[in-house]
Amino acid sequence: MKISDIYSKKKRSLSFEIFPPKKDSELKNIDATLEVLCQLKPDFISVTFGAGGSSNCNRTIELAKKIKYEYQVEPVVHLTCLSYDKAEIDEFSKVLAAEGIQNVLALRGDKNPNIQEKEDFKHASDLMEYLSGKGNFCMAGACYPECHPESENRVSEIRHLKKKVDAGAQVLLSQLFFDNDYFFRFVEDCRIGGINVPIIPGIMPVINAAQIKRMVTMCGASFPMRFQKIIHKFEDNKEALFDAGMSYALSQIIDLLVNDIDGIHLYTMNNPAVAGKICEGIRNII
Ligand code: FAD
């Protein structure tokens with residue numbers, strides 16, 4: 001099923017993001033993770049894509065196939081383009097189509113001195129335009145409620161995002177954030193800018209202090225004082241921080257749902273306990 005159909009049929013959706021294990025020895029654990037995640041009946045599970053190298057691509061596709069055929073949940077395959085040329089993207093799209101994968105989160109990928117960029121795709125919108133002619137995929141795109149770190153300003157951010165939607169993005173999945181006001185203002189800016197596809201907030205429940213420091217540095221998300229105090233207070237007590245992190249994420253999610261957003265995309269970090277706790281907290285709401 002295409003995820004655009006899920007959003008057009010359902011009032012509120014719930015989806016998860018997972019990443020493929022880095023080592024073959026970890027592949028066994030993924031079944032235990034999927035077992036729990038899939039019992040929670042997400043509308044889809046998206047699978048991240050490591051930057052560069054065909055083994056990354058294979059792991060993503062293998063995991064997406066597992067989700068679809070062994071667990072009967074719809075997968076979304078992330079696909080980055082910065083380090084690939086048209087012939088390589090042709091190859092990926094052939095494999096995806098042959099495996100019955102219908103949904104692709106089309107991304108540029110992060111710039112990284114260790115990864116050689118190729119000339120064919122400069123932006124995610126180039127990949128979307130190219131993929132539009134192939135495989136009949138439903139394409140999702142990434143969006144950034146607090147602006148992408150490379151963006152000049154909010155206006156150019158929205159203009160570039162509009163290009164992405166015009167190039168074929170039917171759904172937008174957001175970067176994580178910890179202050180809902182940024183998301184609400186961003187959605188308003190998108191609607192004013194003529195972007196009318198579903199915009200799904202990405203929520204990451206934080207369960208350890210190192211994780212939050214890494215996330216804030218990596219993606220530039222604001223770290224509200226209220227949340228900083230929580231982390232500071234409980235950083236030496238693992239169980240307390242888990243409870244507090246879950247409560248914070250749940251309060252964000254409930255506020256988003258009250259404000260009629262189209263769904264929630266949960267960054268699970270491959271942690272079924274996190275996803276389970278969130279689902280339990282919104283069982284009668286979503
Ligand atoms: P783009 O849409 O190309 O945007 C990148 C920058 O270029 C932005 O500043 C944008 O404003 C600007 N821009 C866009 N179009 C134009 C244009 N036509 N002219 C000038 N400027 C333009 N990375 C991975 O490696 N693997 C993953 O699996 C992965 N999953 C992700 C999932 C989500 C939900 C999100 C939000 C991000 C994910 N990323 C992943 C990270 C992503 O690859 C980076 O954030 C990357 O830096 C930008 O990717 P993009 O697709 O948003 O790029």
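It should be noted that the structure appears before, not after, this text.
Residues numbered from 1 in each chain as written. Predicted model: local features only at pLDDT ≥ 70, side-chain atom pairs only at ≥ 80, totals over all residues. Heavy atoms only, no water.

K.L.:
Explain the sheet that holds strand E6 (residues 169-176) to me, using residue names and the numbers behind them.
P.N.:
Spatially, E1-E2-E3-E4-E5-E6-E7-E8 is the arrangement adopted by the eight strands of the closed barrel, whose pairing is parallel. Recorded for the sheet is a direction-independent mean angle of 30 degrees between the axes of neighbouring strands. Summarising the sheet, strand E3 (residues 75-80) and strand E4 (residues 103-107) pair through four bridges and their orientation is parallel. When the sheet's bridge partners are listed, Thr-80 is paired in E4 with Leu-107. Across the sheet, helix H5 (residues 124-132) is in contact with E3, E4, strand E5 (138-143) and E6; its angle to E4 comes to roughly 145 degrees. (Pairing = 2+ DSSP bridges. Helix = DSSP H or I, 4+ residues; strand = E, 2+ residues; numbered from the N terminus. Axes fitted to C-alpha atoms, helices over the stretch in contact; angles between N-to-C directions. Contact = heavy atoms within 4.5 Å.)

K.L.:
Which residues make up the environment of Ser-15, and what values go with them?
P.N.:
Note that Ser-15 resides in strand E1 (residues 13-18). In this structure, the C-alpha to C-alpha distance between Ser-15 and Ile-200, residues 185 residues apart in sequence, is 9.6 Å. With sequence-adjacent residues up to four places away left out, Ser-15 is seen in contact with Tyr-7, Pro-42, Phe-44, Ile-264, His-265 and Leu-266. A polar side-chain atom of Ser-15 sits 2.7 Å from a polar atom in the side chain of His-265. (Polar contact = N/O pair within 3.5 Å; in protein donor to acceptor, adjacent residues only side chain to side chain.)

K.L.:
Summarise the nonpolar core; cite the residues concerned and give the values.
P.N.:
Judged by nonpolar contacts, the single largest core of 65 residues is most densely connected at Leu-34, Ile-89 and Leu-172. With six residues, the single largest contributor to this core is helix H10 (residues 238-258). Here Ile-89 is in contact with Leu-79, Thr-80, Tyr-84, Phe-121, Leu-127, Tyr-130 and Leu-131, once residues within four sequence places are set aside. (Core = buried A, V, L, I, M, F, W, Y, C linked by side-chain atoms within 4.5 Å. Buried < 20%, exposed > 50% of the residue type's maximum accessible area, 1.4 Å probe, protein only.)

K.L.:
Outline the packing of helix H6 (residues 154-166) against helix H7 (residues 180-192), supporting the account with residue identities and numerical values.
P.N.:
Relative orientation of the contacting elements H6 and H7 amounts to 60 degrees, with a least axis distance of 10 Å. Here H6 lies oblique to H7, going by the angle between them. The way H6 lies across H7 gives a crossing that is right-handed. Taking contact as the criterion, the partners of Arg-154, Ile-158 and Leu-161 in H6 are, on H7, Arg-185, Phe-186, Asp-189 and Cys-190. By residue class, the composition of the contact of H6 with H7 is four nonpolar, no polar and three charged. (Parallel < 35°, antiparallel > 145°, perpendicular 65-115°, else oblique. Left-handed = near helix turned anticlockwise from the far one by under 90°. Nonpolar A, V, L, I, M, F, W, Y, C, P; charged D, E, K, R; others polar.)

K.L.:
So what's going on with the site of the ligand? Which residues, and what values?
P.N.:
Not every one of the 24 residues close to the ligand is listed here, only the nearest: Phe-49, Arg-108, Asp-110, Tyr-144 and His-148. Interatomic distance of 2.9 Å between a side-chain N/O atom of His-78 and an oxygen atom of the ligand. For the ligand, the accessible surface in isolation is 970 Å², of which the surrounding protein chains cover 86%. The set of elements that each furnish at least two residues to the shell around the ligand consists of E3, E4, H6 and E6. Here the shell around the ligand gets four residues from one element, more than from any other, and that element is H6. Considered class by class, the residues forming the shell around the ligand number eight nonpolar, 10 polar and six charged. (Near = heavy atom within 4 Å. Areas by Shrake-Rupley, 256 points an atom, 1.4 Å probe, with all protein chains shown as cover.)

K.L.:
Hey, could you go over a nonpolar patch on the surface for me, with residue numbers and the actual values?
P.N.:
Judged by side-chain polarity, Ile-254, Val-258 and Ile-285 come together as a nonpolar surface patch covering roughly 230 Å² of accessible area. With respect to the helices and strands, the residue Ile-285 is situated in the segment after helix H11 (272-282). Residue class for Ile-285 comes out partly exposed when judged on its relative accessible area of 33%. (Patch = residues over 30% accessible without salt bridge, like charges linked within 9 Å, V, L, I, M, F, W, Y side chains within 5 Å. Salt bridge = Lys/Arg side-chain N within 4 Å of Asp/Glu carboxyl O.)

K.L.:
Tell me about the state of the cysteines, and please be specific about residues and values.
P.N.:
Inspection of every chain in the model, using the stated rule, returns zero disulfides. As a non-bridged cysteine, Cys-38 has Cys-279 as the owner of its nearest cysteine sulfur, 11 Å distant. Under the relative-accessibility criterion, Cys-38 is labelled buried at 9%. There is no disulfide at Cys-190, and the cysteine sulfur nearest it, in Cys-143, is 6.4 Å away. (Disulfide = S-S within 2.5 Å.)

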